Amino acid sequence: MMHNHEYWMAKALQLAQKGLFTTHPNPRVGCVLVKQDELIGQGYHEKAGEGHAEVNALADAKQDVSGATAYVTLEPCSHQGKTPPCADALIKAGVACVVYGLQDPNPEVAGNGLAKLKAAGIEVIGPILEAECNALNPGFNKRMREGLPFVRVKLAMSLDGRTAMESGESQWITGGDARLDVQKWRAQSDAIVTGIGSVLADNPSMTVRIDEQGQEVDAKTVRQPLRVIMDTALSVLPEAKILYPSSQACVFAIEEEVEAEHLETLQQKGVQVKFSSPGDDGRLDLVDAMEQLADMGINEVLLETGAELAGGFLQAGLIDEIIVYMAPKLLGSNARALFQLPLEVMADAVDLQLKSVRQVGQDLRLVYQPVYL
Ligand code: AOF
Ligand code: ZN
């Protein structure tokens, strides 16, 4: 029996997943070449500037690919970027049919790749497994469609919904397994965002300390996401751990509130300081800051911060996913709540949709999507 399109697209999706930690700012893409119901070549995009999935699959094929069908999770590109157009490579190789998962939301491609293939007489079929192919690159897709990164907020709480004691003490609520699980979210993010409050309280390093196999390794040996601090008055200390290596550190502040000498000290250490206009409440405009990150090619953001900044992001409509680790502890009624949100009536409650539940060690991992009206 012949395998169907979904079968081969699922293989291409599995290949694309191998680029989970590395393709930034490009999307994760996988490709298989099939001839007479047999796989004759496979490839995935690993790193920006290097071969796209299709080109890697063509190079992998040991036999003549003319007449083959190419399954690609994303529409083959039609433009000259850091690498030449994949549509041209597929045409030149003589494939008979291209099955794609999702049209490329990049305005430079956006259907042009498919049109180019059709104009060359290649049969084009799709979208196939579109929802899965879309979910593979939530950040790239959102950045291309809306000019904003996809933001996940990661929070840890007790059974009674508290994230810190009244004093602010919060280490540690969850167990070691949950903290290791967080490493996976960090590793697939392009930027980790936090607030100055968390930096001053905990002096975190916010590094990735796992490799692609999930093994614990030295932070120096793996790709580090950009570390971003929301710091209105630029109060971060020059020796804060999160600033190093400074090539991967960025601070957002409001220009008028910044002390010139302190700014110079940070800049001399190689830290990027970006200015964002004040919002209506006189504080950092978070939407503007996220737009600036998107312009820098940041696809996926992991927000790891306290209740106040997390509440600000939620109120600004910037949060796409909430990941909560719930620990088997009670922190009591004086402890701080998960989000700082001054709500009074039930009608103002923020609605969430539950996406998944999983046990991680003794903790529960809950994933929600906010339902913005
Ligand atoms: C594909 N296959 O594997 C990927 C695609 O600068 P470049 O040349 O790397 O091009 C990057 C753009 O190409 C990226 O924004 C996206 O639209 C597309 N990515 N396309 O056909 C791939 N990674
Ligand atoms: Zn391409």
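Model, not experiment: these values are computed from the prediction.

Colleague: I'd like a rundown of the sheet that holds strand β5 (residues 123-125), residues and numbers included.
Modeller: The sheet built from five strands is open, its strands ordered β2-β1-β3-β4-β5 with mixed pairing. Taken across any chain shown, the strands that pair with only one partner, and hence form the sheet edges, are β2 (38-44) and β5. Ignoring strand direction, the axes of neighbouring strands in this sheet form an average angle of 20°. Relative to strand β4 (residues 97-100), strand β3 (residues 69-72) is paired through four bridges, and the arrangement is parallel. Across the sheet, the residue bridging to Y71 is V99, located in β4. Here helix α2 (residues 53-60) sits on the sheet and contacts β1 (30-35), β2 and β3; the angle it forms with β2, its principal contact strand, is near 135°.

Colleague: I'd like a rundown of the pairing of β2, residues and numbers included.
Modeller: Sheet topology places β1 next to β2; six bridges connect them, and they run antiparallel. For V34, the partnering residue across the bridge sits in β2 and is L39. Linkage of β1 to β2, two consecutive antiparallel strands, is achieved through a turn of two residues, within which Q36 is found at a positive phi near 45°.

Colleague: Quick rundown of the site of ligand 1? Include the residues and the values.
Modeller: The full set close to ligand 1 counts 18 residues, and V29, H45, H52, G81 and N106 are the nearest of them. Looking at the shell around ligand 1, its residues break down into nine nonpolar, six polar and three charged.

Colleague: Could you give me a rundown of the environment of Y244, with the residues and numbers involved?
Modeller: As for its position among the elements, Y244 is in the loop between β9 (226-230) and β10 (249-253). Since 16 C-beta atoms lie within 10 Å of it, Y244 is described here as partly exposed. Sequence separation between Y244 and L331 is 87 residues, and the spatial gap between their C-alpha atoms is 33 Å.

Colleague: So what's going on with helix α6 (residues 138-146)? Which residues, and what values?
Modeller: Listed in full, the buried residues belonging to α6 are G139, F140, N141 and R143. Looking at the buried side of α6, the elements it contacts are α5 (130-135), β6 (150-158), α10 (286-295) and β12 (300-303). In the segment just after α6, G147 is the residue with positive phi, at about 70°.

Colleague: Explain the UniProt feature "binding site: Zn(2+)" (unreviewed entry) in the chain to me, and be specific about the residues and the numbers.
Modeller: In the numbering adopted here, UniProt assigns the feature "binding site: Zn(2+)" (unreviewed entry) to H52, C77 and C86. Taken together, the annotated residues stretch across 35 residues yet fold into one region, lying no more than 9.1 Å apart by C-alpha. Structurally, H52 can be placed in the loop between β2 and α2. The residues contacting H52, other than those within four sequence positions of it, are V29, H45, C77, T83 and C86. Along the chain, C86 falls in helix α3 (residues 86-93). Contact partners of C86, with chain neighbours within four places excluded, come to H52, E54, V55, P76 and C77.

Colleague: Tell me about the UniProt feature "binding site: substrate" (unreviewed entry) in the chain, and please be specific about residues and values.
Modeller: Under the present numbering, the feature "binding site: substrate" (unreviewed entry) in UniProt falls on S170, R186, R209 and E304. Structurally, R209 can be placed in the loop between α8 (196-202) and β9. Using a count of 18 C-beta atoms within 10 Å as the deciding quantity, one classes R209 as partly exposed. The residue E304 is located in the loop between β12 and α11 (307-315) in this model. Looking at E304, the number of C-beta atoms within 10 Å reads 24, which means it is buried. Once residues lying within four places of it in the same chain are set aside, the contact partners of E304 are K154, I192, T194 and M206.

Colleague: Report on α10, specifying residues and quantitative values.
Modeller: Every buried residue belonging to α10 is among L286, A289, M290, L293 and A294, and all of these are buried. Buried positions in α10, seen along its axis, are confined to an arc of 145° and lie on one side of it. Buried-residue contacts for α10 involve α6, β8 (191-195), β9, β10, β12 and α11. Of the residues flanking the end of α10, it is G297, one or two places downstream, whose phi is positive at about 90°.

Colleague: Provide a residue-level description of the domain arrangement of the chain, including the pertinent values.
Modeller: For the chain, the domain assignment lists domain 1 (5-136) and domain 2 (140-370). Each of domain 1 and domain 2 has a C-alpha centre, and the two are 34 Å apart. At the interface, nine residues of domain 1 touch eleven residues of domain 2. Split into classes, the residues belonging to the side of domain 1 that touches domain 2 amount to five nonpolar, four polar and no charged.

Colleague: Lay out the packing of α3 against helix α4 (residues 112-119) with the relevant residues and their values.
Modeller: Contact geometry for α3 and α4: axes closest at 9 Å, N-to-C directions at 20°. On the basis of their axis angle, the class for α3 and α4 is roughly parallel. Once α3 is placed against α4, the crossing between them reads as right-handed. Contacts from A87, L90 and I91 in α3 reach G113, K116 and L117 in α4. A per-class count over the contact of α3 with α4 returns four nonpolar, one polar and one charged.

Colleague: Kindly report on unusual backbone geometry, identifying the contributing residues and their values.
Modeller: Between H24 and P25 the backbone carries a cis peptide bond, its omega angle lying at 0°. Mapping P25 onto the fold places it in the loop between α1 (5-17) and β1. Phi angles above zero are rare outside glycine, and Q36 is one such case at about 45°. Here Q36 lies in the loop between β1 and β2. The backbone phi angle of L234 is positive, close to 50°, even though this residue is not glycine. By the element assignment, L234 lies in the loop between β9 and β10.

The rules we used
Residues numbered from 1 in each chain as written. Chains lettered and ligands numbered in written order. Predicted model: local features only at pLDDT ≥ 70, side-chain atom pairs only at ≥ 80, totals over all residues. Pairing = 2+ DSSP bridges. Helix = DSSP H or I, 4+ residues; strand = E, 2+ residues; numbered from the N terminus. Axes fitted to C-alpha atoms, helices over the stretch in contact; angles between N-to-C directions. Contact = placed C-beta atoms within 7 Å. Near = placed C-beta within 6 Å. Nonpolar A, V, L, I, M, F, W, Y, C, P; charged D, E, K, R; others polar. Buried ≥ 20, exposed ≤ 12 C-beta atoms within 10 Å, placed from the backbone. UniProt positions renumbered as here; feature names shortened; annotations may be inferred. Arc of directions from axis to C-beta. Domains from an automatic or database assignment. Parallel < 35°, antiparallel > 145°, perpendicular 65-115°, else oblique. Left-handed = near helix turned anticlockwise from the far one by under 90°.

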